[in-house]
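Below are the chains, spelled out letter by letter.
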Amino acid sequence: MLDDKFLLEFANGFYGYGNYQASCWFLGMEEGGGNSVDEINRRLFTWKARGGMELEDMAEYHVAIGIPAYFGKKPKIQNTWGKQIRFLFGTRNQPVSTDTVREYQRTSWGRKNDDSCIFELFPLPSPGTSVWIYGQESALEILKDRETYRNTFFPNRASHIRRNIEKFQPKIICAFGITYLNYWEALIDGKFHENEKEKYFYSNIGETKFVVLQHPAAIGVTSEYFYNLGRMIAGNPF
């Protein structure tokens, strides 16, 4: 079974990858992975052994847990990251191609000293919303099902993320998953406006632009959607 002590430490202490000083943050519901007890325990113990940091270094951590395929000499592009990187390049008004996305993923994406911050509203990795391994492999009552887990962890994690937004004031926060709009509105304690033409939602937290886009894995969502929205959102006031 899972090590519940480390599982709780990880769930309360791990938020994602990169650098809170970054100008552009990316916020998802939860990280992919977590396909087996062995993989989850490897993530937990590696995180603890590396210092139990709130934000990890994307490449270093994935290599340490035995997932180096995205950071080698010519790595394959991870689908979600690739589209997020295109959005980031759009905010910078920089030209983008498959090769520039691949190189940025390999050298810079989610690195502790780079200008990107990738974090999750919920801490435990899962291969999909229809899968919940923790109810069977953990004795923790708060993990008996996904609804109980979300209701337990959302208040503290949302408050922590909100405090960091107010502290670091990134220029743009990009959340993914329009179907999760109720969570994003609870996070900001407010409402989003809809841009029906471009298919995204937007709001402000002080000087920070907060947008909710379609998820990179959604059917029919193109790479151009993310790049073009990055350019438009960075270049125009709400």
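What counts as what
Residues numbered from 1 in each chain as written. Predicted model: local features only at pLDDT ≥ 70, side-chain atom pairs only at ≥ 80, totals over all residues. Heavy atoms only, no water. Buried < 20%, exposed > 50% of the residue type's maximum accessible area, 1.4 Å probe, protein only. Helix = DSSP H or I, 4+ residues; strand = E, 2+ residues; numbered from the N terminus. Contact = heavy atoms within 4.5 Å. Pairing = 2+ DSSP bridges. Axes fitted to C-alpha atoms, helices over the stretch in contact; angles between N-to-C directions. Phe/Tyr/Trp six-rings, centres within 6.5 Å; stacked < 30°, edge-to-face > 60°. Lys NZ or Arg CZ within 6 Å of the ring centre and 35° of its normal.

**Concerning helix 8 (residues 181-188)**
Okay, so step 1: Most of helix 8 is tucked away: six of the eight residues are buried.
Okay, so step 2: Regarding helix 8, the residues found buried are Leu181, Tyr183, Trp184, Glu185, Leu187 and Ile188.
Okay, so step 3: On its buried face, helix 8 is in contact with strand 2 (24-28), helix 7 (146-168), strand 5 (172-176), strand 7 (200-205) and strand 8 (208-213).
Okay, so step 4: Looking one or two residues beyond helix 8, the residue adopting positive phi is Asp189, at roughly 55°.

**A few points about the sheet that holds strand 2**
Strands belonging to one sheet form pairs held by backbone hydrogen bonds; the direction of such a pair is parallel or antiparallel.
Okay, so step 1: Sheet architecture is open: eight strands sit in the order 3-1-4-2-5-8-7-6, paired in mixed fashion. Looking at strand neighbours, the two that pair on one side only are strand 3 (55-56) and strand 6 (193-195), the edges of this open sheet.
Okay, so step 2: Looking at chain direction, strand 1 (residues 16-18) and strand 4 (residues 117-120) are connected through three bridges and run antiparallel. If you follow Gly18 over to strand 4, its bridge partner there is Cys117.
Okay, so step 3: With respect to the sheet, helix 9 (residues 223-235) is in contact with strand 5, strand 7 and strand 8, its orientation differing from that of strand 8 by roughly 155°.

**Some thoughts on the packing of aromatic side chains**
Okay, so step 1: By the definition in use, this model includes 28 aromatic pairs.
Okay, so step 2: Between the aromatic rings of Phe122 and Tyr183, the centroid separation amounts to 5.7 Å while the plane-to-plane angle is 90°, which identifies the pairing as edge-to-face. You can see Phe122 sitting in the loop between strand 4 and helix 6 (134-137) and its partner Tyr183 sitting in helix 8, a full 61 residues away along the chain. Both residues of the pair, Phe122 and Tyr183, belong to the buried class.
Okay, so step 3: One aromatic cluster is present, formed by Phe122, Trp132, Tyr134, Tyr149, Phe153, Phe154 and Tyr183 through successive ring pairs.
Okay, so step 4: Positioned above the aromatic ring of Tyr15 is the side chain of Arg157, whose terminal nitrogen or guanidinium carbon lies 4.0 Å from the ring centre.

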